[in-house]
Amino acid sequence: MDLQKTTNQIQQQSEILAKIRQEVNKVIVGQEKLIDRMLIALISGGHILLEGVPGLAKTTAVRSLAQALGLDFKRISFTPDLLPADVVGTMIYNPKDAVFYPKQGPVFTNLLLADEINRAPAKVQSALLEAMQEHQVTIGETTYKLPDPFLVMATQNPIEQEGTYPLPEAQVDRFMLKCIVNHPSRDDERRIMNRFTQKQSAPEVAATVTAQDVKALRETLDQVYCDEKVGDYILDIVFATRDPKAHGLQALEGQIQFGASPRATLCLNLASRANAMLHGRAYATPQDVKEIAPDVLRHRILLSYEAEAEELTPEKVIATILSTIPVP
């Protein structure tokens, strides 16, 4: 593998990423981590779940990214009365021809914003499973391929429990990343106040990137090198969530009911290499793994009742694992 050639490609494509950042930053102030995670999901082809209280511009960030990419974008506002057919589509009867024909739903797009995904019942949430994992949808007896690229970026509100349906583990595991969106800093909030309280037209995000550019980024990701020692480090972290005692984490014994799945290993590898691309490198380092591990693992660790009683959180568990597992 020619690392120098890959490095040159990444440096050339850094202009693509810079253009996306520039356009998104017209609307989003601060939130650099959120933008980085969305770019990692875009490069690696993974889905992302954004969790945060209302008013943090989660929906606006996803919409701005779609506008900057120039891709087909659709939004579904999930509500308790939503039906699976409202997401994937259904068969419509035409009385004139006396035949049924398929009506494709909003899932047939490049970038799907699933807004407040935890407000829809499980039947609707599961309708996304095949689309997210297989990139295809079955309507009637026919299976249809979804456009390429296809990304689901979902948002959920953690503070409201009434009228919500927690995502099942099988659904959550389909998301490569779960990013916690926090409040902006005081300086950033001042900039938000100054920028968006004036009587002027809202900033317009221009489409500066094409689907071919996204495809080129993903082809470059395939060339990013992950050393065998970094791969072993990833495996150590994931296996420590399943058997903490065997990895010198006796304090976590009995605290984790279910550890991360094999999909976590794949996602951690891809996301670490994508993070290396954002930093202009053609190889992943243990630091890339440590930076992205909380977003890959926090929704894949199911704690025991004892851990919840002790107010232990997945973030604390991940921090303990990362501080204990030897770094190569």
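Above this text sits the structure in question.
Residues numbered from 1 in each chain as written. Predicted model: local features only at pLDDT ≥ 70, side-chain atom pairs only at ≥ 80, totals over all residues. Heavy atoms only, no water.

## Observations concerning the nonpolar core
Logical step 1: Ile20, Leu69 and Leu297 are the most contacted members of the largest nonpolar core, which totals 71 residues.
Logical step 2: The residues touching Ile20, leaving out its near neighbours within four places in the chain, are Leu39, Leu42, Leu65, Ala68, Leu69, Thr208 and Val209. (Core = buried A, V, L, I, M, F, W, Y, C linked by side-chain atoms within 4.5 Å. Buried < 20%, exposed > 50% of the residue type's maximum accessible area, 1.4 Å probe, protein only. Contact = heavy atoms within 4.5 Å.)

## Focus: the sheet that holds strand E9 (residues 175-180)
Logical step 1: Taken in spatial order, the five strands of this open sheet run E2-E5-E8-E1-E9, and their pairing is parallel. Each edge of the open sheet is held by one strand with a lone partner, namely strand E2 (73-77) and E9. Averaged over all neighbouring strand pairs, the angle between strand axes comes to 15°, with direction disregarded.
Logical step 2: Bridge analysis of strand E1 (residues 47-51) against strand E8 (residues 151-156) gives four bridges, and the strand direction is parallel. Bridged to Leu49 within E8 is Ala154. (Pairing = 2+ DSSP bridges. Helix = DSSP H or I, 4+ residues; strand = E, 2+ residues; numbered from the N terminus. Axes fitted to C-alpha atoms, helices over the stretch in contact; angles between N-to-C directions.)

## Some words on the pattern of salt bridges
Logical step 1: Per the stated rule, a full pass over the model turns up twelve salt bridges.
Logical step 2: Among the ionic pairs, Asp288 bridges to Arg281, the shortest N-O distance being 2.8 Å. Arg281 shares its class with Asp288; the two are buried.
Logical step 3: As a salt-bridge pair, Arg298 and Glu315 come within 2.8 Å of each other at their nearest N and O atoms. Taken together, the residues Arg298 in the loop between helix H11 (286-297) and strand E11 (302-303) and Glu315 in helix H13 (residues 314-324) connect sequence positions 17 residues apart.
Logical step 4: Arg298 sits in the buried class, given a relative accessible area of 10%.
Logical step 5: You can call Glu315 partly exposed: its relative accessible area is 33%. (Salt bridge = Lys/Arg side-chain N within 4 Å of Asp/Glu carboxyl O.)

## Focus: H13
Because the α-helix completes a turn every 3.6 residues, residues three or four places apart line up on one side.
Logical step 1: Looking only at H13, the buried set comprises Pro314, Val317, Ile318, Ile321 and Leu322. An end-on view of H13 places all buried positions within 130° of arc, on one side of the element.
Logical step 2: Residues of H13 that are buried make contact with helix H9 (228-242), strand E10 (256-258), H11 and E11. (Arc of directions from axis to C-beta.)

## Brief notes about the pairing of strand E7 (residues 142-145)
Logical step 1: Pairing analysis gives four bridges linking strand E6 (residues 136-139) to E7, with the strands arranged antiparallel. The residue of E7 that forms the bridge with Val137 is Tyr144.
Logical step 2: Hairpin connection from E6 to E7: two residues lie between these consecutive antiparallel strands, with Gly140 at a positive phi of about 70°.

## As for the packing of helix H1 (residues 3-24) against helix H8 (residues 211-221)
Logical step 1: Where H1 contacts H8, the two axes come as close as 10 Å, and the packing angle between them is 150°. One finds that H1 runs roughly antiparallel with respect to H8. Handedness of the H1/H8 crossing: left-handed. Here H1 contributes Thr6, Gln9, Ile10, Gln13, Ile16 and Leu17 to the contact with H8, which in turn contributes Asp213, Ala216, Leu217 and Thr220.
Logical step 2: The residue makeup of the contact of H1 with H8, split by class, is five nonpolar, four polar and one charged. (Parallel < 35°, antiparallel > 145°, perpendicular 65-115°, else oblique. Left-handed = near helix turned anticlockwise from the far one by under 90°. Nonpolar A, V, L, I, M, F, W, Y, C, P; charged D, E, K, R; others polar.)

## Thoughts on the pairing of E1
Logical step 1: For E1, a buried count of five out of five residues is recorded, marking the element as mostly surrounded by other parts of the structure.
Logical step 2: By the alternation rule, side chains of E1 split into His47, Leu49 and Glu51 and Ile48 and Leu50, which are all buried.
Logical step 3: When E1 meets E9, the two strands line up parallel, connected through five bridges. Paired with Ile48 across the bridge in E9 is Leu177.

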